[in-house]
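Examination of the molecular architecture
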Amino acid sequence: MFSKEELQNGLKTKTFGHKLFVFEKIDSTNACAKTLAEAGTEEGATVIAEFQTEGRGRFGRPWQAEPGENLLFSSVLRPTVLKDNSSLLTYFAAVSVARAVEKASSCSLECKWPNDLYLNGKKFCGILLENSFKQSSLDYSVVGVGLNVNQRTFNEQLADRATSLAQELNVDIDRKELFQRILQEMETLYESVKEGDFSEIIRDWNKRCKMFGKQITVRGGKEELTGTAVRLSDDGGLMLETSGGLRTVYAGDATIVR
Ligand code: BTN
């Protein structure tokens, strides 16, 4: 199991992971980080666990990951961001993880809207952003990262769509080193987030997204919208050219039709 000392040894960040909570087993690192954030914990505080009994994904779905093989962590953010721009924090996390993974493994990954990372057509990382607001501004945000690192087998329901870095790259990855790299990339990008500038993040995310120009369907609740993906809007929505004109969607699941 990870120890706090091991994970902080060599970590050069000042904010992310400076306050670190390490668990062998927990219900959900997001749930724990939210409790800490409610109690006023500082930004950058991070909760990491080897195993989650109630790991959660978007739309209340479970997040399953074998113990001791992956990275499961959540960080508290407190940037001054308006409610309308808070979903942009998802891209901050996705680009931070993407940069760290690419530096650690020299692979070329893909961002899938809104907050998944793919390798060779399969998902290896999901991000869950949970925001809390005070009036029209963000009070805090918890960004949770589930990254399949060295897990080589997936259950029947997941096998055809989930993968891990080790499975795709055929090499085991040093999880501590990768964790530290991600926190480092977060710290670097967080400077512009604090200034309300997401332009570099959106540019980078757009560059890594292969959905543009393709026909996609976005399903959110009872609504369904099909169109050609154009790009991310400046406020983090996905722009679609539909039969009814240009539309921007902010939440949902996207499937590539062709
Ligand atoms: C998704 O793809 O739906 C998002 C999955 C996010 C999973 C991570 S694992 C660490 C953190 N704690 C949780 O309970 N969820 C996130």
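Rules used throughout
Residues numbered from 1 in each chain as written. Predicted model: local features only at pLDDT ≥ 70, side-chain atom pairs only at ≥ 80, totals over all residues. Heavy atoms only, no water. Helix = DSSP H or I, 4+ residues; strand = E, 2+ residues; numbered from the N terminus. Buried < 20%, exposed > 50% of the residue type's maximum accessible area, 1.4 Å probe, protein only. Contact = heavy atoms within 4.5 Å. Near = heavy atom within 4 Å. Polar contact = N/O pair within 3.5 Å; in protein donor to acceptor, adjacent residues only side chain to side chain. Areas by Shrake-Rupley, 256 points an atom, 1.4 Å probe, with all protein chains shown as cover. Nonpolar A, V, L, I, M, F, W, Y, C, P; charged D, E, K, R; others polar. Salt bridge = Lys/Arg side-chain N within 4 Å of Asp/Glu carboxyl O. Disulfide = S-S within 2.5 Å. Core = buried A, V, L, I, M, F, W, Y, C linked by side-chain atoms within 4.5 Å. Pairing = 2+ DSSP bridges. Axes fitted to C-alpha atoms, helices over the stretch in contact; angles between N-to-C directions.

Relative to the helices and strands, Thr15 is located in the loop between helix H1 (4–8) and strand E1 (20–23). Here Thr15 falls in the partly exposed class, since its relative accessible area comes to 24%. A C-alpha to C-alpha distance of 46 Å links Thr15 and Ser243, two positions 228 residues apart in sequence.

A few words now on the side chain of Arg175. Structurally, Arg175 is set in helix H6 (residues 175–194). Arg175 has contacts with Phe2, Glu50, Gly68, Glu69, Asn70, Leu71, Val149 and Asn150, leaving out every residue within four places of it along the chain.

For the rest of this paragraph, the subject is the site of the ligand. Near the ligand lie 20 residues; those nearest to it are Ser28, Gln52, Arg56, Arg58 and Lys123. In the model, a nitrogen atom of the ligand is placed 3.0 Å from a nitrogen or oxygen of the Thr29 side chain. At a separation of 3.5 Å, a nitrogen atom of the ligand approaches a polar backbone atom of Asn30. Summarising the interface, the protein chains cover 98% of the accessible area of the ligand, which totals 420 Å² for the free molecule. Elements with a minimum of two residues in the shell around the ligand: helix H2 (29–38), strand E3 (71–77), strand E6 (122–134) and strand E7 (137–147). If you tally residues by element for the shell around the ligand, the top one is E6, at 4 residues. Across the shell around the ligand, the residue classes break down as 6 nonpolar, 10 polar and 4 charged.

Right, let's get into the pattern of salt bridges. The tally for this structure, following the rule as stated, stands at 17 salt bridges. Lys103 is paired through a salt bridge with Glu185; the nearest N and O atoms lie 2.6 Å apart. In this pair, Lys103 sits in helix H3 (residues 88–105) while Glu185 sits in helix H6, placing the two residues 82 residues apart along the sequence. Using a relative accessible area of 52% as the deciding quantity, one classes Lys103 as exposed.

The tally for this structure, following the rule as stated, stands at 0 disulfides. Looking at Cys32, it has no disulfide partner, and the nearest cysteine sulfur is the one in Cys125, 19 Å off. Cys125 carries a free sulfur, and the closest cysteine sulfur to it, the one in Cys111, is 9.4 Å from it.

Leu71, Trp113, Leu147 and Leu178 are the most contacted members of the largest nonpolar core, which totals 61 residues. Take this core: its biggest share by element is 11 residues, from H3. The contacts of Leu71, once residues within four sequence positions are left out, are Phe2, Ile48, Val145, Gly146, Leu147, Val149, Arg175, Leu178, Phe179 and Ile182. Formed by 11 residues, the second largest nonpolar core is a distinct cluster that contains Ile26, Cys32, Ala37 and Ala45.

Ordered by their spatial adjacency, 7 strands build an open sheet running E1-E2-E3-E7-E6-E5-E4, and the pairing between neighbours is mixed. Only two strands of the sheet have a single partner each, and these edge strands are E1 and strand E4 (110–112). Strand-to-strand, the axes of this sheet are offset by a mean angle of 20°, without reference to chain direction. Across 10 bridges, the pairing between E6 and E7 is antiparallel. Looking at the pairing, Phe133 lines up with Leu138 of E7.

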